[in-house]
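# Summary of the model geometry
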Amino acid sequence: MTSASRLTRFAAALAGAAVLTASLSASAVQARELSVSTVLSDAFPWGQAAEKWAELVEERTEGRLTLRVYPNSQLVAGDQTREFSAMRSGLIDMAVGSTINWSPQVPELNLFSLPFFMPDEAAVDAVTGGEAGKMIFEAIESRGVVPLAWGENGFRQVSNSRGPISEPGDLDGLKIRVVGSPLFQDTFNALGADPTQMSWTDAQPALTTGAVDGQENPLSVFDVARIDQVGQEYLTLWNYMNDPLIFAVNQRIWDSLDEEDREILRETAIEAGEWEIAMTREEESERLAAIQERGVQVTELTEEQHRAFVNATASVHDKWISRIGKELVEAARAAIEAR
Ligand code: X2X
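Quick caveat: nothing in here was measured; it's all calculated off a predicted structure.

## Quick notes on the nonpolar core
- Among the nonpolar cores identified, the biggest contains 46 residues, and Trp53, Leu67 and Leu265 are the most heavily contacted of them.
- Among the elements that make up this core, the one with the highest residue count is helix H2 (residues 45–60) (7 residues).
- Ala86, Phe112, Leu114 and Val316 belong to the second-largest nonpolar core, a separate cluster that totals 39 residues.

Structure, rendered in structure tokens:
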């Protein structure tokens, strides 16, 4: 073999090794999979928001990052109020979660659960998109989680199996399943109901067996989960609170990503969130029609009836505003007034 051909073969071998190394490191990068926790599956807009995020990230990182969605609170064994802590500690990499479920760890998030505080969709947008929204994201970030974007579970409505609810007295003594934030206990106590706290996983069997008389959730949840089939024949549209969703990432995961991938994660979360919010809102009227068609009796409140609920729950504001933070509540109030 001439020294020239030996050199060529050596060069070829080197090139081969370089290709091998490059493809190995490419597949090593490709193997980066991040977990995303959600409470509801992709049968619901909430789960679809997470899937949309995953899809966009896969596309824009060209496979460098794969978001794997784990629905039904499975990463926290069904206990949705532990989702935020699990994300903070790194047990979960990311989540698209409800402000309600994270509020035990981030008291500022109780802002959204203040009864009858958020009058309409424009108010929600003014709060999340303005100064108050920034303050809330700072509150989340100060607790070791990086928030990226907003989504929406929707305005929550109350249903039950006993009879129509059009005034606080109609809730008297009704056993109502509520989510895991103590504020809900206070709201339903103020209304004379008998609230009982349980996870979504436990709520459905409790409704089926009649262990509880009622529950509260957005129309999309009522519709997709077929809550009417577990005896919830009476639904009152009272819009007593809006339940936004937040796309977020564990701080250490965030720190481990380069600038480009962070930007992709953020922009895709914003896009997926905007897409999901628009869809959730657009679908509300069809969902209501579908629910009514299945025989559910829907009650809409007159202004006067609405006021009676507002007055009955005023004490909840008195108690919770200081826990949420006066400055934040004021910023939100100003945004709502200026909308
Ligand atoms: O548990 C609920 O009611 C649900 C699914 O709406 C939330 O996770 C807040």
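## Some words on the site of the ligand
- Around the ligand, a shell composed of 13 residues is seen, among which Gln80, Asn101, Arg156, Arg177 and Asn217 lie nearest.
- Here Gln80 contributes a side-chain N or O atom positioned 2.7 Å from an oxygen atom of the ligand.
- One of the side-chain nitrogen or oxygen atoms of Arg177 is found 2.8 Å away from an oxygen atom of the ligand.
- Contact with the protein chains removes 100% of the 270 Å² of surface that the ligand exposes when unbound.
- Across the shell around the ligand, the residue classes tally to 5 nonpolar, 5 polar and 3 charged.

## A look at unusual backbone geometry
- At Asn72, a residue that is not glycine, the phi angle is positive and equals roughly 60°.
- Among the secondary structure elements, Asn72 is positioned in the loop between strand S2 (66–70) and helix H3 (83–89).
- Judged by relative accessible area, Asn72 falls into the partly exposed class, the value being 46%.
- Look at Ser73: it is not a glycine, yet its phi comes out positive at around 50°.
- With respect to the element layout, Ser73 can be found in the loop between S2 and H3.

## Considerations on the environment of Ala49
- With respect to the helices and strands, the residue Ala49 is situated in helix H2.
- Under the relative-accessibility criterion, Ala49 is labelled buried at 0%.
- Residues Ala49 and Phe247, 198 residues apart in the sequence, show an inter-C-alpha distance of 9.2 Å.
- Residue contacts for Ala49: discarding those within four places in its chain leaves Phe247, Ala272, Trp275 and Glu276.

## A closer look at the packing of aromatic side chains
- Tallied over the entire structure, the rule returns 11 aromatic pairs.
- Seen from their ring centres, Phe116 and Phe309 are 6.4 Å apart, and the 35° between their planes marks the pair as tilted. Here Phe116, found in the loop between helix H4 (99–102) and helix H5 (121–128), pairs with Phe309, found in helix H12 (residues 303–312); they are 193 residues apart in sequence, far enough to count as distant. Residues Phe116 and Phe309 agree in their burial class; the two are buried.
- The interplanar angle of 55° and the centroid separation of 6.0 Å between the aromatic rings of Phe188 and Trp238 together place this pair among those described as tilted.

## Topic: the pattern of salt bridges
- Inspection of the entire model under this criterion finds 21 salt bridges.
- A salt bridge links Arg294 to Asp228; the shortest N-O distance between them is 3.0 Å. Remark: Asp228 occurs in the loop between helix H9 (219–224) and strand S8 (234–250) and Arg294 occurs in the loop between helix H11 (259–293) and strand S9 (297–300); sequence separation between them is 66 residues.
- Accessibility expressed as a relative area gives 30% for Arg294, which makes it partly exposed.
- Put simply, Asp223, Arg226, Asp228, Glu283, Arg287 and Arg294 are held in one network by salt bridges that share partners.

## Regarding H11
- Under the 1.5 Å per step criterion, the end-to-end length of H11 is 50 Å for 35 residues, consistent within 8% with the ideal 51 Å.
- For H11, the principal kink sits at Glu284 and spans about 40°.
- In the stretch just after H11, Gly295 is the one whose phi turns positive, near 100°.

## Some thoughts on a negative patch on the surface
- On the surface, a cluster of negative charge is contributed by Asp42, Glu51, Glu55 and Glu59.
- Position of Glu59 among the secondary structure elements: in helix H2.
- A relative accessible area of 52% means that Glu59 is categorised as exposed.

## A few points about the pairing of strand S1 (residues 33–37)
- For S1, the tally of buried residues reaches 4 of 5 residues, placing the bulk of the element in the interior.
- Relative to S2, S1 runs parallel, the two being bridged by 5 bridges. Along S2, the bridge assignment pairs Ser37 with Tyr70.
- For the segment spanning S1, H2 and S2, crossover handedness is right-handed.
- When S1 meets strand S3 (residues 94–98), the two strands line up parallel, connected through 2 bridges. Residue Ser37 lies in a different strand from S3, and its bridge partner there is Ala95.

## Examining the pairing of strand S4 (residues 145–160)
- Of all 16 residues making up S4, 16 are buried, and the element is well covered by its neighbours.
- In this structure, S4 lies alongside S8, joined through 13 bridges in antiparallel fashion. For Val158, the partnering residue across the bridge sits in S8 and is Thr236.
- In this sheet, strand S7 (residues 214–218) lies alongside S4 in antiparallel orientation, the contact comprising 5 bridges. Looking at the pairing, Ser159 lines up with Gln215 of S7.

Parameters and conventions
- Residues numbered from 1 in each chain as written.
- Predicted model: local features only at pLDDT ≥ 70, side-chain atom pairs only at ≥ 80, totals over all residues.
- Heavy atoms only, no water.
- Core = buried A, V, L, I, M, F, W, Y, C linked by side-chain atoms within 4.5 Å.
- Buried < 20%, exposed > 50% of the residue type's maximum accessible area, 1.4 Å probe, protein only.
- Helix = DSSP H or I, 4+ residues; strand = E, 2+ residues; numbered from the N terminus.
- Near = heavy atom within 4 Å.
- Polar contact = N/O pair within 3.5 Å; in protein donor to acceptor, adjacent residues only side chain to side chain.
- Areas by Shrake-Rupley, 256 points an atom, 1.4 Å probe, with all protein chains shown as cover.
- Nonpolar A, V, L, I, M, F, W, Y, C, P; charged D, E, K, R; others polar.
- Contact = heavy atoms within 4.5 Å.
- Phe/Tyr/Trp six-rings, centres within 6.5 Å; stacked < 30°, edge-to-face > 60°.
- Salt bridge = Lys/Arg side-chain N within 4 Å of Asp/Glu carboxyl O.
- Expected span 1.5 Å × (residues − 1).
- Bend = angle between axes of the 7 residues up to and from the residue.
- Patch = residues over 30% accessible without salt bridge, like charges linked within 9 Å, V, L, I, M, F, W, Y side chains within 5 Å.
- Lys, Arg positive; Asp, Glu negative; His and termini not counted.
- Charge placed at Lys NZ, Arg CZ, Asp CG, Glu CD.
- Pairing = 2+ DSSP bridges.
- Right-handed = clockwise from strand over helix to strand, strands pointing away.

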